[in-house]
Amino acid sequence: MVASPVQAAAQTRQFAIEAQPAETAISQLGRQGDIQIIAARRLTHAVRTNAVRGEMSVDDALNRLLAGTGLTARRTGPGSYAIVARATPPMSPRTLTQTSLTSAPSVQAPVAAAQAASPAAEAAAADEEPAANSEILVTGFRGSLAKAQDLKRRAVNLTESIMAEDMAKMPDLNLSESIQRLPGVAISREGGEGRNITLRGFSPDFTRTTLNGMEVPASSDGLDSGGFTINAGRAFDFHVFASELFNRIDVQKTQRASIEEGGIAGTVDLYSAKPFDFKGFHVVGSAQGGYNTMTRKVDPRATVMISDTFADDRIGFLLSAAYSKRTVYQEGFSSVRWTSPYVNGDSWADTNPTVTGTPEDCGAADRLDCLWAPRLPRADFFGNDQKRLGLTGSIQAKPIDGLTLSLDALYSQLDNDRYSYNSMEWLLTHGTPGNFVGQTPLSFTVAPDGKQLVAAAFDDVTSWYESRHQTSTSKFRQFVFSGDYEVTSNLKIDAMVGKARDTADRTELRFYARSVPHYYAYDYSGSKDVAKVDYGDYDPNDATNFVNATTPANRLNNVVKDNFTAKTNATFTKGRFTAQAGFAYNRRLVRYSEAQGELPTFDPSSYMTAFPYSHFGSGVVSGGLPTFAVMDFDAIGSSGLFSGNYTTNVAAGWEVVEKTTGGYGEVTGEIDIGSMTLRLDGGARWVRTDVESSAVISGSPVDVKRHYDNFLPSFNAALNITPDLVARFAYARSMTRPGLASLNIAAPVFEYTTRTVSNLGNPALKPYLSNDFDLGFEWYFSKGGLFSVGVFKKNIISSLTTSVVQQSVPQEYWAAIYADPRYDASYQADPATAQYTFYSTVNSSDGNSVKGLEATLNVPFTFLPGALSYFGIASNYTHVSARDSTGLSPNSYNFTAYYDTGDLGLRLSINKRDDYLLSQPGGNGHVQERKYGPTQVDFSAYYNLTKQISVNLQGINITNERERIYGTGDGTQYLVREFSKTGAQWFVGARYQF
């Protein structure tokens, strides 16, 4: 058991410790003596210690506590001790003198308060006669696994953790990519980089994320083709932050009353480094160069951290900075969804094409109209120049004994500069060519199932070549002031106040250059993902073949998210039980706005240029992809076509404010059941949520306010059957608040002749509610080994659904309706008296059950001889089942094999998830739209040249895994919408630590 370490040696302290089990007593003595104590559980289990009362030195207190127990204390450093077994029969307190507490070998200690020792440190502490001058350290990846496992073992609720391997050194280059290695976690990627997480089968909105103790927002933009736009929802964009800024991540999978509400799936807690984590002066610096096989460019990445403690370790400061540039090319081929003329409501032009194969009958007058064909077959290029900057600062102080104050600041900025080029051929609508649409079918090849037009040739096809330039900036700022004060040996009070603000801005300028009609043929018979194309004698690289250009997008988008948190907790400890109570207030604001620029039509021939990137598609298919002419954005910028003026779209803007006020009570304790120890935690949380949704409708400001209350009980039990075997059970009522799109009231559509309302958010929505059950077993074996298996079930008892509801129009909208120029009293649609039919989101009691199994196996091969003992594996598997759950992969697994001596480390990691649902129904007539579950393979290696300098090599996506989105057509088909690759990323660098 470990308490916060400070140098305390000869000072006298006031102690008040009852005779009780050793584990609890040692923890109390560590806190009251303001020292760090390491003790192996196998030594202290079932041992009772003596009472210690009065003012005395730490050494005297330890002597009295352990007298007659067969244990003794050895000093391992200033203010730190190890509990070991006596090599001789127990001595009386009178004969155990100061000379018994001589300096012992150095044992690496954890750096965070309340964090238990690693298995290797426990073994060192338990050694009766360690060799003189030996040093026992657990470092590198194996050490981080051991620390994380120890946190999991000690926690009363089900918790998974990731610990930094060293100062400013998380084990992956991206936070989400680190988190995905935990059981139950899968991630969604954009441009080859993790962005959002799916926890236990739930979409990202169901996971709550905190940073340094407060819930925080994080938003960025994305590629429309990948399903991402600017994030105005609850999902947390993990790629906004540099991973080097953090030294610990906890994932709380079961609820406690002391954990704030909001995440049915769970809560992710992020922690940045603090100066009291590292005693004394430290400097860490690292630099890497990254090379991507697709871009063939070298990108820099650098980190520096300075930390120091002084004034007898009562004051400390820490500063860190991380900067990286990343060039991303996402290249591939797309259909932009498949559809059929029959589903689309039209038909092929009647040109009597040559047909190979037999179309299936779907009820259309012409069976050819039943065939699914690509809407806009195209070659795709998405290029992004990304810059990411992260800064942290932390000041900590202990002005008086028992009081610790912390001020933490974090700033992060993510800049994206994206150029996208797509060579779309117009098969979107079917019929007689003209006005840049339609085509003349020449030949059709029908797939064996009779449903798909696997190959076709046409005349009179128009190219709609898209060129898009997007720039975006995401800025995150957080300030947190916190403190904890040990009022007495039994009573502790902690409090914090914090503010976080995230702004995400995006500008977009997009053009379609439209060509003269020409021959075009595609053929998917050789690949279900990438078609071979043939243009005949038409040249898509000749700018003179393009005769018209339109501007479909010239806009600005802005999202502001602002969170404020204030909370306090009081903790009272008596013997083996702890009572805790607290209060929390949160204010969350989300504001969306947009502005529109000019949308001219012009002759594109003078503003087009050759495709600007070499080796296009060489990493996608053999021989690459066909190039084409694109818009020259520099030429357009100097052309005078655009004035640069934008008009705010007031009707599209909206704001949602949530205020939550909550309190809780919780009791934690442990009791002995024979030779077993049962650890218990139970409590309840009450919270009131006030919602305010605002927008301008028909020129009238509309403000809607609603509120609801929730009572959330929770219970956790962890039974230590043996020191190495833990059984767990948990129950909780959890909640997730409605998505912000459901609360947004902007841009509703009122139809007065039919008295209907659509596209209107519902601020009266209440949250999703779930009854959660968990059962699991954990076996900690060997030196750092773990096998665990658990099952969970989440019964969703309240959810959201889209429904048709007959009701009165809420009074808040009356003024907007009366101000609408389309409204007329003759329609007999007065909102004050008439009932309207609403097509909107409402709460539903139709439940859904999410069930799952999680298994973990971590094995360090310490039982093998020689060099083989440095090998090990870390692995986990998750199975989740639920009805029509967006983002859910039924199966996922992680496997890591490593070799780690402390001076040399190698690691190969494989992450795999099943395909998962994006939407149901899908667009353009598809039953579902799904995303391929990739297999991500990463590599890492390091070598310590000296104690201060190491070199490293890291590979991300070393197999150049594909990304793929597809539709299921009538439910039985596989019709690819997007197929792309982003290349393998390699980093080579060096690291210095003092």
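So, here is what we can say about the structure in this document. Sequence order as written defines the numbering, with residues in each chain counted from 1. Local features in a predicted model are, by the rule used here, given only for residues with pLDDT of at least 70; side-chain atom pairs are given and counted only at 80 or more, and totals for whole chains, interfaces and linings are based on all residues. Neither water nor hydrogens contribute to the side-chain values; these are computed over all heavy atoms in the structure.

### Notes on the overall build of the protein chain
Consideration 1: In this description a helix means any DSSP run of H or I spanning at least four residues, a strand means any run of E spanning at least two, and both kinds are numbered starting from the N terminus. In terms of helices and strands, the protein chain carries ten helices and 55 strands.
Consideration 2: Along the first, second and third principal axes, the C-alpha atoms of the protein chain reach 105 × 70 × 55 Å.
Consideration 3: Looking at the protein chain as a whole, 58% of its 994 residues are labelled buried.
Consideration 4: Two residues form a contact once any of their heavy atoms are found within 4.5 Å. Taking contacts inside the protein chain between residues at least 6 apart in sequence as the whole, the part at least 24 apart equals 72%.
Consideration 5: The method behind every accessible area is Shrake-Rupley, applied with a 1.4 Å probe, and residues are considered shielded solely by the protein chains displayed. For the protein chain, the exposed surface amounts to about 37,700 Å²; the carbon and sulfur share of it is 56%.
Consideration 6: Here the positive residues are Lys and Arg and the negative ones are Asp and Glu; neither His nor the chain ends is included. Every charge is mapped onto a representative atom, which is NZ of Lys, CZ of Arg, CG of Asp or CD of Glu. One finds the centroid of the 90 positive side-chain charges in the protein chain at a distance of 7 Å from the centroid of its 102 negative side-chain charges. When accessible area is computed with a 1.4 Å probe and restricted to protein chains, residues below 20% of their type maximum are described as buried, those above 50% as exposed, and intermediate ones as partly exposed.

### Structural notes on empty space enclosed by the protein
Consideration 1: As a volume, the largest cavity reaches approximately 390 Å³.
Consideration 2: Every residue lining the largest cavity is counted, 27 residues in all, and those nearest its centre are Leu-145, Ser-161, Arg-181, Leu-182 and Asn-858.
Consideration 3: Elements with a contribution of two residues or more to the lining of the largest cavity: α5 (140-154), β10 (159-163), β45 (848-860), β46 (871-881), β47 (891-900) and β48 (904-913).
Consideration 4: The biggest single contributor to the lining of the largest cavity is α5, with six residues.
Consideration 5: Split by residue class, the lining of the largest cavity holds eleven nonpolar, eleven polar and five charged. Grid points spaced at 1 Å and placed over the protein atoms alone form the basis of the search, with a cavity being a set where a 1.4 Å probe fits but cannot get out and a pocket an open set showing protein on both sides within 12 Å along at least five of seven lines. Lining residues have an atom within 4 Å of a point. Grid points are joined across faces, edges and corners, and a volume is the space filled by probe spheres set on the points. Gly falls in the polar group here, along with every residue not listed as nonpolar (Ala, Val, Leu, Ile, Met, Phe, Trp, Tyr, Cys, Pro) or charged (Asp, Glu, Lys, Arg).

### Here's the deal with the environment of Ala-581
Consideration 1: Considering the arrangement of structural elements, one finds Ala-581 in strand β32 (residues 577-596).
Consideration 2: The exposure class assigned to Ala-581 is partly exposed, which follows from its relative accessible area of 39%.
Consideration 3: Residues Ala-581 and Arg-685, spaced 104 residues apart in sequence, show a C-alpha to C-alpha distance of 9.7 Å.
Consideration 4: Beyond its immediate sequence surroundings of up to four residues, Ala-581 is in contact with Thr-568, Asn-569, Ala-570, Tyr-664 and Gly-665.

### Digging into the sheet that holds strand β26 (residues 453-461)
Consideration 1: The pairing criterion is simple: DSSP has to find at least two bridges between the two strands. Reading across the sheet, the five strands line up as β21-β25-β26-β29-β30 and stay open at both edges, with mixed pairing between neighbours. Two strands in the sheet have a free side with no partner beyond their single neighbour: β21 (354-356) and β30 (532-534). Along the sheet, successive strands turn relative to each other by an average axial angle of 10°, direction set aside.
Consideration 2: As paired strands, strand β25 (residues 440-446) and β26 are joined by six bridges and run antiparallel to one another. Counted as the bridge partner of Thr-440 is Asp-459 from β26. Simply put, an axis is a line fit to the C-alpha atoms, just over the touching stretch for a helix, and the angle between two N-to-C directions goes from 0 to 180 degrees.

### Considerations on the side chain of Arg-588
Consideration 1: Within the secondary structure, Arg-588 sits in strand β32.
Consideration 2: By relative accessible area, which is 7% here, Arg-588 ends up buried.
Consideration 3: N or O atoms closer than or at 3.5 Å make up a polar contact, with two conditions inside protein: a donor-capable atom paired with an acceptor-capable one, and, for residues adjacent in sequence, both atoms drawn from side chains. At 3.2 Å, the side chain of Arg-588 and the side chain of Glu-215 are in polar contact.
Consideration 4: Apart from residues no more than four positions distant in its own chain, Arg-588 is found in contact with Glu-215, Glu-261, Asp-562, Asn-563, Val-656, Val-657, Glu-658, Thr-660 and Arg-737.

### A closer look at a nonpolar patch on the surface
Consideration 1: A cluster of nonpolar side chains, contributed by Phe-281, Val-304, Ile-306, Leu-904, Leu-906, Tyr-943, Leu-945, Ile-949, Val-951, Tyr-992 and Phe-994, occupies part of the molecular surface with about 920 Å² of accessible area.
Consideration 2: If you list the elements that add at least two residues to the nonpolar patch, you get β18 (298-310), β48 and β52 (949-956).
Consideration 3: Here Ile-949 is to be found in strand β52. In this scheme, patches are assembled from residues that exceed 30% relative accessible area and form no salt bridge. Like charges are connected within 9 Å, while nonpolar side chains (Val, Leu, Ile, Met, Phe, Trp, Tyr) are connected within 5 Å. For this analysis, a salt bridge means a side-chain nitrogen from Lys or Arg found within 4 Å of a carboxyl oxygen belonging to Asp or Glu.

### Re unusual backbone geometry
Consideration 1: In this model, Gln-920 is joined to Pro-921 through a cis peptide bond whose omega is 0°.
Consideration 2: As for its position among the elements, Pro-921 is in the loop between β49 (916-919) and β50 (929-931).
Consideration 3: In this structure, Val-336 is a non-glycine residue whose phi angle is positive, near 50°.
Consideration 4: In this structure, Val-336 sits in the loop between β19 (315-334) and β20 (338-339).
Consideration 5: Assessed through its relative accessible area of 17%, Val-336 is described here as buried.
Consideration 6: Positioned with a positive phi, Ser-698 is a non-glycine residue whose angle comes to about 55°.
Consideration 7: By the secondary structure assignment, Ser-698 is in the loop between β37 (676-697) and β38 (700-722).
Consideration 8: On the basis of relative accessible area, Ser-698 is assigned to the partly exposed category, the value being 38%.

### Observations regarding the state of the cysteines
Two cysteines joined by a covalent bond between their sulfur atoms form a disulfide.
Consideration 1: By definition, disulfides here are pairs of cysteine sulfur atoms that lie within 2.5 Å. Applying the stated criterion across every chain yields a total of one disulfide.
Consideration 2: Through a disulfide, Cys-362 is tied to Cys-370; the S-S separation comes to 2.0 Å. For the disulfide bridge between Cys-362 and Cys-370, the dihedral angle about the S-S bond is near -85°, and by the sign convention the bridge is left-handed.
Consideration 3: Under the relative-accessibility criterion, Cys-370 is labelled buried at 7%.

### What about the pattern of salt bridges?
Consideration 1: Under the criterion given, the structure shown has 47 salt bridges.
Consideration 2: Between Lys-253 and Glu-160 there is a salt bridge, and its shortest N-O distance comes to 3.5 Å. Of the two residues, Lys-253 sits in the loop between β15 (246-252) and β16 (266-272) while Glu-160 sits in strand β10, which places them 93 residues apart along the sequence. A single burial state applies to Lys-253 and to Glu-160, both of which are buried.
Consideration 3: Note that Asp-380 and Arg-378 form a salt bridge whose closest N and O atoms lie 2.5 Å from each other.
Consideration 4: On the accessibility criterion, Arg-378 (6% relative accessible area) is buried.
Consideration 5: Salt bridges linked by common partners bring Lys-152, Glu-160, Arg-200, Lys-253, Arg-728, Asp-774, Glu-778 and Glu-854 together as one network.

### What about the pairing of strand β55 (residues 985-993)?
Working note: regular strand, side chains alternate between the two faces of the sheet.
Consideration 1: Burial along β55 is one-sided: Gln-985, Phe-987, Gly-989, Arg-991 and Gln-993 are buried, while Trp-986, Val-988, Ala-990 and Tyr-992, pointing the other way, are not.
Consideration 2: With nine bridges connecting them, strand β17 (residues 282-292) and β55 associate as antiparallel partners. If you follow Gly-285 over to β55, its bridge partner there is Tyr-992.
Consideration 3: Bridge count between β52 and β55: eight bridges; the pairing is antiparallel. Each residue of the ladder has a partner; that of Gly-955, found in β55, is Trp-986.

### Comments concerning helix α3 (residues 58-66)
Consideration 1: Judged by how many residues are buried, α3 sits mostly within the fold: seven of nine residues are covered.
Consideration 2: Within the sequence span of α3, burial applies to Val-58, Asp-59, Ala-61, Leu-62, Asn-63, Leu-65 and Leu-66.
Consideration 3: Immediately downstream of α3, the backbone of Gly-68 shows phi near 80°, a positive value.

### Things to note about the sheet that holds β16
Sheets are built from strands paired through backbone hydrogen bonds, the pairs being either parallel or antiparallel.
Consideration 1: The sheet built from five strands is open, its strands ordered β10-β15-β16-β13-β14 with mixed pairing. Edge positions in the open sheet fall to β10 and β14 (214-215), since each of these has one partner strand only.
Consideration 2: Pairing geometry for β10 and β15, over five bridges, is antiparallel. Bridge pairing links Ile-162 to Ile-249 in β15.

### Let's talk about the packing of aromatic side chains
Consideration 1: Under the pairing criterion, centres of Phe, Tyr and Trp rings, with the six-membered ring standing for Trp, must be within 6.5 Å; the plane angle then separates stacked pairs below 30 degrees from edge-to-face pairs above 60, leaving the rest tilted. According to the stated counting rule, one finds 50 aromatic pairs in the structure shown.
Consideration 2: A ring pair is formed by Trp-338 and Tyr-524, whose centres lie 5.1 Å apart and whose planes are at 50°; its orientation type is tilted. One end of the pair, Trp-338, is in strand β20; the other, Tyr-524, is in the loop between β29 (518-523) and β30, and 186 residues separate them in sequence. Tyr-524 carries the same exposure label as Trp-338, and that label is buried.
Consideration 3: Grouped by ring-pair contacts, the aromatic residues Tyr-329, Phe-381, Tyr-421, Tyr-465, Phe-546, Phe-611, Tyr-613, Phe-616 and Phe-628 constitute a single cluster.
Consideration 4: Of note, Arg-514 hangs over the ring of Trp-464, and the distance from its end group to the ring centre comes to 4.6 Å. To sit over a ring, a charge needs its Lys NZ or Arg CZ within 6 Å of the ring centre and within 35 degrees of the ring normal.

### Here's the deal with the packing of helix α1 (residues 22-33) against α3
Consideration 1: Viewed as axis vectors pointing N to C, α1 and α3 meet at an angle of 165°, and their least axial separation amounts to 11 Å. Taken together, α1 and α3 sit at an angle that is classed as roughly antiparallel. At the point where α1 passes α3, the crossing takes the right-handed sense. The residues of α3 that touch α1, namely those facing Ala-25, Ile-26, Leu-29 and Gly-33, are Val-58, Ala-61, Leu-62 and Leu-65.
Consideration 2: For the contact of α1 with α3, the residue count by class is seven nonpolar, one polar and no charged. Under this scheme an angle from 65 to 115 degrees is roughly perpendicular, one under 35 degrees roughly parallel, and one over 145 degrees roughly antiparallel; angles in between are oblique. Crossings are assigned a handedness: left-handed for a near helix turned anticlockwise from the far helix by less than a right angle, right-handed for a clockwise turn.

### Some thoughts on the side chain of Arg-388
Consideration 1: When you line up the elements, Arg-388 lands in strand β23 (residues 378-397).
Consideration 2: For Arg-388, a relative accessible area of 3% puts it in the buried group.
Consideration 3: A polar side-chain atom of Arg-388 sits 2.5 Å from the main-chain carbonyl oxygen of His-239.
Consideration 4: If we ignore the near neighbours within four places in the chain, the residues touching Arg-388 are Glu-193, His-239, Val-240, Phe-241, Ala-242, Arg-301, Ala-322, Tyr-323, Ser-324, Gln-413 and Leu-414.

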